[in-house]
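# Chain and residue survey
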Amino acid sequence: MIDMMAYFIAIFVTVPPITTFLIYRLLRLKSNYSRKAFFKAVNWTTLLYIIAVFIILNNLFDQFFIGIFLLVLLILFTVIIIVQWKTKIEINYQAAFKVLWRSCFLLFSFLYFVLICYGILGKIFV
């Protein structure tokens, strides 16, 4: 029973598009607002994309890229804060973190699909 639960969790972590779609469908059934359901699904599955990208990078290159990713996220957050400061004069850290979190979803989902394609093509042509 515990093995089945571990496999179930592993599938959701390693295949985040399926998780995102399932969460979106469940939230869409619960409410009539598809936009809200989409943003909640994005917010809830961003961490899964980050974990999946770390796992794929570790499997493809046998190295950990946590330091590089943390540096990129810190630079991205700094850019968001500077843009917010220049445009609105007041800095709203909650809004900046929300923008960072959604941009992380875009960045890591893009990286996920690129790395999946790279891994598949690398196995086919090597």
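The paragraphs below set out a description of the structure included in this document. Model, not experiment: these values are computed from the prediction.

What counts, and where the lines are drawn
Residues numbered from 1 in each chain as written. Predicted model: local features only at pLDDT ≥ 70, side-chain atom pairs only at ≥ 80, totals over all residues. Heavy atoms only, no water. Helix = DSSP H or I, 4+ residues; strand = E, 2+ residues; numbered from the N terminus. Buried < 20%, exposed > 50% of the residue type's maximum accessible area, 1.4 Å probe, protein only. Contact = heavy atoms within 4.5 Å. Areas by Shrake-Rupley, 256 points an atom, 1.4 Å probe, with all protein chains shown as cover. Core = buried A, V, L, I, M, F, W, Y, C linked by side-chain atoms within 4.5 Å.

To continue, consider the overall build of the chain. Check the secondary structure of the chain and you find five helices and zero strands. Of the regular secondary structure in the chain, the N- to C-terminal order runs α-α-α-α-α. Summarising its shape, the C-alpha atoms of the chain cover approximately 50 × 40 × 30 Å along the three principal directions. Within the chain, the fraction of its 126 residues that count as buried is 26%. Considering only contacts within the chain whose residues lie at least 6 apart along the sequence, 56% involve residues at least 24 apart. Total accessible area on the chain stands at roughly 9,500 Å², and carbon and sulfur atoms take up 74% of it.

Below, the discussion takes up the nonpolar core. V53, L57, F69, F108 and Y112 are the most contacted members of the largest nonpolar core, which totals 19 residues. In this view, L57 contacts D62, Q63, F65, F69 and L115; residues no more than four positions away in its chain are not counted.

Our next topic: the environment of F65. For F65, the position within the fold is in the loop between α3 (34–61) and α4 (66–88). Since its relative accessible area comes to 19%, F65 is described here as buried. Residues F65 and F54, eleven residues apart in the sequence, show an inter-C-alpha distance of 7.2 Å. Discounting residues that sit within four places of it in the chain, F65 has contacts with F54 and L57.

Structural measurements only, silent on function.
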